[in-house]
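# Understanding the architecture of this molecule
Each chain is listed here by its residues.
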Amino acid sequence: MDMKDIIRQQVTQNPVVLYMKGTPDAPMCGFSAAAVQILEALGVDEVATVNVLEDADIRQGIKDYSSWPTIPQLYVKGEFVGGADIMREMYQSGELQKLFGK
């Protein structure tokens with residue numbers, strides 16, 4: 001299985017996936033911390049997280065998969081939502097709440 005297949009499997013078999021630097025308990029960058037805080041504020045507790053710092057292939061593979069150059073990246077129901085800045089904008093506008101049915 002190539003990296004694209006592994007990532008496709010991760011984003012389709014989990015309702016919510018956050019590719020991030022570090023873990024929710026110990027984020028390794030401010031953007032990843034912000035993404036976790038937004039999901040927590042929404043009360044989204046079923047989040048599969050992938051620490052891209054543990055695997056260089058995943059770290060590059062997710063950027064190729066989404067054609068998005070930065071981490072974190074949020075996927076909901078197999079669809080790419082965006083990074084921390086987009087999540088913040090969607091949260092402030094109420095769009096992210098609608099996406100999660102909140």
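A short tour of the structure in this document, coming up. (Residues numbered from 1 in each chain as written. Predicted model: local features only at pLDDT ≥ 70, side-chain atom pairs only at ≥ 80, totals over all residues. Heavy atoms only, no water.)

## Let's talk about helix H3 (residues 56-66)
Along H3, the residues that are buried comprise Ile 58, Gly 61, Ile 62 and Ser 66. Buried residues of H3, viewed axially, fall in a sector of 110 degrees; they line one side. Turned more than 90 degrees away from the buried face of H3, the exposed residues are Ala 56 and Asp 57. If you follow the buried residues of H3, they end up packed against helix H1 (3-13), strand S1 (16-20), strand S4 (48-51), strand S5 (73-76) and strand S6 (79-82). For H3, the capping residue at the N-terminal end is Asp 55, with a side-chain oxygen 2.8 Å from the backbone nitrogen of Asp 57. A positive backbone phi angle near 55 degrees is found at Ser 67, which sits one or two residues after H3. (Buried < 20%, exposed > 50% of the residue type's maximum accessible area, 1.4 Å probe, protein only. Helix = DSSP H or I, 4+ residues; strand = E, 2+ residues; numbered from the N terminus. Arc of directions from axis to C-beta. Contact = heavy atoms within 4.5 Å. Polar contact = N/O pair within 3.5 Å; in protein donor to acceptor, adjacent residues only side chain to side chain.)

## Some points on the packing of H1 against H3
For the pair H1 and H3, the least separation of the axes is 9 Å and the interaxial angle reads 75 degrees. Overall, the two elements H1 and H3 adopt an arrangement that is roughly perpendicular. Counted together, Met 3, Lys 4, Ile 6, Ile 7, Arg 8, Gln 10 and Val 11 of H1 and Asp 57, Ile 58, Gly 61, Ile 62 and Tyr 65 of H3 form the full contact between these two elements. Grouping the amino acids of the contact of H1 with H3 by side-chain chemistry returns seven nonpolar, two polar and three charged. (Axes fitted to C-alpha atoms, helices over the stretch in contact; angles between N-to-C directions. Parallel < 35°, antiparallel > 145°, perpendicular 65-115°, else oblique. Nonpolar A, V, L, I, M, F, W, Y, C, P; charged D, E, K, R; others polar.)

## Thoughts on the environment of Asp 25
Here Asp 25 is to be found in the loop between strand S2 (22-23) and strand S3 (26-27). Taking relative accessible area as the criterion, Asp 25 reaches 80% and is therefore assigned exposed. Separated by 24 residues in the primary sequence, Asp 25 and Thr 49 place their C-alpha atoms 11 Å from one another.

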